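Reading the structure
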Amino acid sequence: MQRGIYPKAVTDMKIKKILIANRGEIAVRILKSCRKLDISGVVVFHAADADSPAVKMADETVELFGDTPVAAYLNIEAIVEACKTSGADAVHPGFGFLAENGAFARRLAEENIKFIGPNPEVIDLMGNKISARSFAIEHNIPIVPSVTQEKDTAEFITAATSIGFPLLLKAAAGGGGKGMTIVHEASELASAIQLTSQEAVRAFGDGALYAERYVEKPRHIEVQILADEHGHVIHLGERECSIQRRFQKVIEEAPSAALTPELRADICNTAVSIAQKAGYQNAGTVEMILAQDSSFYFLEMNTRLQVEHPVTEMVTGVDLVAEQINVANGKKLPFTQTDIKFNGHAIECRIYAEDPEDDFAPTTGPILLYQEPSGDNVRVDSGFIEGMRVTSAFDPMLAKLIVHGQDRMVAIKGTEKALREYILLGLKSNLDWLQSVMQEADFQAGEFHTGYIAEKAEHLGLPPLTSEQKLMVASVVALQERPLTSAEYLPQSMHKSMGGWQN
Amino acid sequence: MNMIQLNNDQIALIVRDATQATQTQGELIAQIPDFKSPIPIRWRRLSPNTLSISSPFGEETIHFAEDGGTYYLHGYGRNFQATVLNPLTQSSAEGGQGGTIAPMPGTVVSLNVGEGDSITKGQLLLTIESMKMLTDITADRDGTVTEVHLSAGDTFDKGAVLVTIE
C-alpha cells in the first residue's frame, strides 16, 4: 500500500543498475523500488537461495560461492567482481551482512561503485560502541549517565549520587552479570560499593567499579532519519520496538504509544541533531532508550535501512528505499520536515520459523502451503514461496506482516485478523503466539517495556483447543488416513446417531 | 479408532463413513471423549489441501499438508500440528510379538476368539466399549491366537495388549 506525498517523480537517474548484496524478503523489497524507478536490479545469491523469489524477480543474477551460505553473502571481493561483470553502478546492502561494514563501502568507492548508504567514516564512527559513546559525550547527546571509580571512594560516592537512583554498580573489569548490584537509595550506596568491590576482586581480581544509571523497564524508541548529500536532515517519526525476545525485535510499531507530542518532538529533534553532527547521509536510525520518567538516552545509530522500516512507510507514505536511491544519486530530498505528515498507526510482526513454546527455538521444514493475508491496509514482505525449504542456514525470519489502521486499536485488530488468515504450513511458526500478543491487555493498552515477553511468558500463546476444534481438525486428519478409518473398526452403535441428523 | 496427537492434546477419535464417500465429498460420524454422543460431519474437498467441514457446530474451512507423518493444519484462525499415534494397524510393529494393542482405555464387552484359534485377517477378535461406544477389534493379519489377555468385563488402559497373535 502506498499513500500520501510520495512519489514525486525522480528523474535524471545516474544510477542505472543496482546490485543487491542481500537475500530474502529485503532483496525483494529493494527490487520493488528499483522497478518503480526503472532501474535494473542484480541479485547475488548462494545456491541455497536459487529458488527464492528474489532470484526469480531479478533482472540479472550472479551466483556467489562460500564455505557456508552466509559466508557467500559476506565475500566482499566476490560482490565487487559481480558488480563488474554485471555492470552495476551502485550497491544496496539491505540490512545485516555487509550493510554496516565500512571496509565494504570503501572497497566499492575504490571501484567507483556507489554504496547506497552513508560514507565509510560515519559507518565506522557509529559502528563502534566506544567511538559512538565518545561522539555522544562530545556533542552533549544524552547517554545513560555513568561514572568510573577513582581512588577516592568518597568522591565516587558523590559522583555516583549525582547521577541519581536507581544505580547499577558494575565491576569495571566485569561481564556476564558478575559483580553487579542495583542500588535504589543513597543510604545503601556506601555499603553496596564495598560489597560489590569485594565481589569484583573475587571474580576478576580487580575491585574497580563503574556506576551507571539503571534504567528500569525501559522502552526501545528509534527515530528514522533521512539525509541528503546537501546537508538536509529530516526525521520520519519514531518507531517503538520494545517487544523483543533474546534482544531481537519481534513486534514494532509507529508511532509509539509511550510518547506525548512534546516528548516525541524532543526525541525526534535530538535524533536529527545527532545525524547532523555526524554529517550523516542517506537513511539511518537513531536508537534510544526511554526511561519510565520520560528521560531518554542515545543507544546507537544504525547506518542502514532497518528491518522495521515498513511501519514508517505505512504512516508517512514515503518509499524509504526509493529515497535512499534518490539520495545516492546526489538528489536533494524532495520534501522538507513540514511536508512529512503522519497518518494513523502501523504495526509490524516478524514471522519467525520458531517455536514459542520451546523458548523460541528455531524450527526448520518445508513450506508446504502458503497463503498471505490481503487487504487494503495489509502489507506482507516475504522472501520465500511455497515449495521452498526453511533451513538453519540463515536467520529464522520468514516474512514481515505490516498492518495499518486509523488508530492503534484498529491496527491491533487488523493485525490480529491478518494473523488469523495467514496460512503457513509445514513447520512451526510464531503466528499463533503473535495473535495472543495482539489480544493481551497490557499490549493493547500500550503498557509494556523491553522485558514484556519474559514477564508475560505464561500468559501468551493461544488458549487450549476447544472440543469443537479437536473434533473437526482430528476428523480432517483421520480423513487423510483412510486406511485407519476403514470398515475394520466399525463402531456398532453409531447407526443410532444418524437418525436425527438434519442437513 | 485413532489416537491423534493434536497440538498438546491426545484425542481418541472414532470415525466412520456415514455414506459412501466420493473423492470430493462425504459424510461421517465421529466421536471424541469430549462429547457424549457421536457427531455427524459432512466434508467437501475444495482443493487438494483444503476441506470444508461442517457439523451441527458450524462450518469451517481447514487447510492441511502432511510431511513425514506430521500433519500441519490451519483452521479457526490458528495452526495445528497433528500426528496419528498408536493406530491398531501398527499394533504388531509396536507390540513386538503381534499384540493387538488398545488405542484407548475401555472395557471388554465380548471375546470372540480363544487361545489356539486360527484366525484370518479381518476376523472379529473382540468387542470393546470405549467412550460409551462399542467397537469391534479385528485381526490385522492371519495367524494363531497364542494368548488372550483379558476376559469379558475387564477394563484396560491405553496401550494394553489385548490379544497376542503369532
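In this text the structure is predicted, and so the values were computed from the model without any measurement.

Summing up its helical and strand segments, chain A has 18 helices and 23 strands in all. Taking 503 residues into account, the globule formula puts the C-alpha radius of gyration at 23 Å, and chain A, at 26 Å, falls close to it. Its C-alpha atoms give chain A principal-axis dimensions of about 90 × 60 × 45 Å. When the 503 residues of chain A are sorted by exposure, 48% land in the buried category.

Here we come to unusual backbone geometry. All names here are of chain A. Note that the residue after Phe 165, namely Pro 166, is joined by a cis bond; omega there is 0 degrees. Here Pro 166 is to be found in the loop between helix H8 (153-163) and strand E7 (167-171). A positive phi angle, near 55 degrees, is found at Asn 140, a position not held by glycine. When you line up the elements, Asn 140 lands in the loop between helix H7 (129-138) and strand E6 (146-148). The backbone phi angle of Asn 282 is positive, close to 80 degrees, even though this residue is not glycine.

Turning next to the packing of H8(A) against helix H9 (residues 186-204) of chain A. Residue and element names in this part refer to chain A. The N-to-C vectors of H8 and H9 enclose an angle of 140 degrees; their axes lie 11 Å apart at closest approach. As summarised for this structure, H8 and H9 are arranged oblique, according to the angle between their axes. Seen along the crossing, H8 lies across H9 with a hand that is right-handed. Along the contact surface, H8 presents Thr 153, Phe 156, Ile 157, Ala 160 and Thr 161, while H9 presents Ala 186, Leu 189, Ala 190 and Ile 193.

Turning our attention to the sheet that holds strand E2 (residues 40-46) of chain A. All names here are of chain A. Spatially, E3-E2-E1-E4-E5 is the arrangement adopted by the 5 strands of the open sheet, whose pairing is parallel. The open sheet has two free edges, formed respectively by strand E3 (60-64) and strand E5 (114-115), since each of these has just one partner strand. Two elements, E2 and E3, share 5 bridges in a ladder whose sense is parallel. Note on E3: the bridge partner recorded for Val 42 is Glu 60.

Moving on, we get to the sheet that holds E6(A). All names here are of chain A. Taken together, 4 strands build an open sheet; the order of strands is E6-E9-E7-E8 and the sheet is antiparallel. Only two strands of the sheet have a single neighbouring strand rather than two, namely E6 and strand E8 (180-183). Within the sheet, the average angular offset between the axes of one strand and its neighbour, ignoring direction, is 20 degrees. Examined bridge by bridge, E6 and strand E9 (residues 209-213) share 3 bridges and lie antiparallel to one another. For Ser 146, the partnering residue across the bridge sits in E9 and is Glu 212.

What follows covers the environment of Met472(A). Structurally, the position occupied by Met472(A) is in helix H17 (residues 467-480). The exposure class assigned to Met472(A) is buried, which follows from the 27 C-beta atoms found within 10 Å. The spatial distance from the C-alpha of Met472(A) to the C-alpha of Glu240(A) is 40 Å, given a sequence separation of 232 residues. Apart from residues lying up to four places away in sequence, Met472(A) is in contact with Ile53(B), Ser55(B), Glu60(B) and Ile62(B).

So, on to the environment of Thr24(B). Mapping Thr24(B) onto the fold places it in the loop between strand E2 (9-17) and strand E3 (25-31). For Thr24(B), a count of 10 C-beta atoms within 10 Å puts it in the exposed group.

The next point concerns the confidence of the model for chain A. In low-pLDDT regions, the fine details of the predicted coordinates are not to be read closely. Residue and element names in this part refer to chain A. Within chain A, residue pLDDT values average 90, and 92% of them lie at 70 or more. The low-confidence segment residues 1-11, where pLDDT is below 50, has 26 contacts with residues more than four positions distant or belonging to other chains. Within the model, pLDDT remains below 50 along residues 483-503, and this stretch shows 38 contacts once partners closer than five positions in the same chain are excluded.

A few words on the pairing of strand E14 (residues 143-148) of chain B. All names here are of chain B. Here 2 bridges tie strand E11 (residues 118-119) to E14, and the two strands are oriented antiparallel to one another. Residue Ile 119 lies in a different strand from E14, and its bridge partner there is Gly 143. Note: E14 against strand E16 (residues 161-165), 3 bridges, orientation antiparallel. Bridge assignment links Val 145 to a residue of E16, and that residue is Ile 165.

Counting residues at the interface gives 41 residues for chain A, matched by 58 residues for chain B. Residue assignment for the side of chain A that touches chain B shows that the elements contributing at least two residues are strand E18 (365-366), strand E23 (423-425), helix H14 (431-439), H17 and helix H18 (494-497) of chain A. With 14 residues, H17(A) is the single largest residue contributor to the side of chain A that touches chain B. Residues that form the side of chain A that touches chain B fall into these classes: 24 nonpolar, 10 polar and 7 charged.

Moving on, we come to the pairing of strand E1 (residues 17-20) of chain A. All names here are of chain A. Direction of pairing for E1 relative to E2: parallel, over a ladder of 4 bridges. If you follow Leu 19 over to E2, its bridge partner there is Val 42. Across 3 bridges, E1 lies against strand E4 (residues 90-92) in parallel orientation. Among the inter-strand pairings, Ile 18 is bridged to a residue of E4, identified as Ala 90.

What counts and how
Residues numbered from 1 in each chain as written. Chains lettered and ligands numbered in written order. Predicted model: local features only at pLDDT ≥ 70, side-chain atom pairs only at ≥ 80, totals over all residues. Helix = DSSP H or I, 4+ residues; strand = E, 2+ residues; numbered from the N terminus. Rg over C-alpha atoms; globule rule 2.2 N^0.38 Å. Buried ≥ 20, exposed ≤ 12 C-beta atoms within 10 Å, placed from the backbone. Axes fitted to C-alpha atoms, helices over the stretch in contact; angles between N-to-C directions. Parallel < 35°, antiparallel > 145°, perpendicular 65-115°, else oblique. Left-handed = near helix turned anticlockwise from the far one by under 90°. Contact = placed C-beta atoms within 7 Å. Pairing = 2+ DSSP bridges. pLDDT = per-residue confidence, 0-100. Nonpolar A, V, L, I, M, F, W, Y, C, P; charged D, E, K, R; others polar.

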